[in-house]
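# Structure assessment
Listed below, chain by chain, are the residues.
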Amino acid sequence: MEYIESVRLRDLTEGDLEFIIAVTKENMAPLIRGAWGLDWDRDFEERYTKELLSSGVVKEVYSSNELIGYFWFSEQADKSQVFINSIQLRKNYQKKGLGLCILKWIEQNAMNHKIQYLCLAVQEINPRAVKIYQRFGFREVLRENGSIKMRKELGSRGRMDKPL
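A brief structural summary. (Residues numbered from 1 in each chain as written. Predicted model: local features only at pLDDT ≥ 70, side-chain atom pairs only at ≥ 80, totals over all residues. Heavy atoms only, no water.)

Here the focus is helix α4 (residues 127–135). Along α4, the residues classified as buried are A129, V130 and Y133. Taken around the axis of α4, the buried residues stretch over an arc of 105 degrees, which confines them to a single face. Contact partners of the buried residues in α4: α3 (98–112), β6 (117–123) and β8 (147–153). Phi for G137, located one or two positions after α4, is positive at around 105 degrees. (Buried < 20%, exposed > 50% of the residue type's maximum accessible area, 1.4 Å probe, protein only. Helix = DSSP H or I, 4+ residues; strand = E, 2+ residues; numbered from the N terminus. Arc of directions from axis to C-beta. Contact = heavy atoms within 4.5 Å.)

As structure tokens, this is what we get:
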């Protein structure tokens, strides 16, 4: 297991898939409904699970021995960018700086692999997340279908532009 700040990371185990789907649904169902008008139904859950299991890297986040969240990212085919698919934490672990620690870990991992950019998409109706990503150095590159696509260039300025 790897450590970041006060949490441990572990690779995804399929035994924890039920938790991962539950925390994602709890956090994202209202945003998906508000941004795209979609319900988190069985079909949506199955597509999400299939995509999660078939692409990228999924790291589980533990505090003590408790699974509290996960994050999922994928290196793009041309190896110039990493796309952050999802960062999910249980509600009682949000707003404590853990998301920032996860972003820093992803950034450092990408820089270690000579990646040029971090990319992600965030729902327009989630302004809190948009502000966090902007403070971390992400810039908007496109708006479509209720989402804001953002990108951060890595390199010598691979740190936050402003303190959180």
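Resuming the write-up.
With that out of the way, let us pick up the nonpolar core. Of all hydrophobic cores here, the largest spans 29 residues; its most connected members are F71, I106, V122, Y133 and F138. Those elements giving two or more residues to this core turn out to be β2 (7–11), β4 (66–75), β5 (81–89), α3, β6, α4 and β8. Excluding residues that lie within four positions of it along the chain, V122 makes contacts with A129, V130, Y133, G146, S147, I148 and M150. Within the second largest apolar cluster, 15 residues are counted, among which are I20, I21, L52 and Y70. (Core = buried A, V, L, I, M, F, W, Y, C linked by side-chain atoms within 4.5 Å.)

Before going further, it helps to examine the pattern of salt bridges. By the definition in use, this model includes 11 salt bridges. R42 serves as the salt-bridge partner of E45, at 3.0 Å between the closest nitrogen and oxygen. Here the residue E45 and the residue R42 both occupy positions in helix α2 (residues 42–54), the gap between them amounting to 3 residues, near one helical turn. The partner of K152 in a salt bridge is E107, and the shortest N-O contact between them spans 2.5 Å. Residue K152 is located in strand β8, and its partner E107 is located in helix α3; the two are separated by 45 residues in the primary sequence. (Salt bridge = Lys/Arg side-chain N within 4 Å of Asp/Glu carboxyl O.)

Attention now goes to the packing of aromatic side chains. Summed over all chains, the structure comprises 8 aromatic pairs. Pairing F71 with F73 gives two aromatic rings, centres 6.2 Å apart and planes at 15 degrees, and the pair type is stacked. For the pair F71 and F73, one class covers both residues: buried. A centroid spacing of 6.3 Å and a plane angle of 25 degrees characterise the contact between F136 and F138, whose relative ring orientation is stacked. (Phe/Tyr/Trp six-rings, centres within 6.5 Å; stacked < 30°, edge-to-face > 60°.)

The exposure class of E45 is buried, given its relative accessible area of 18%. With near-sequence residues (within four places) excluded, E45 lies in contact with I21 and W40.

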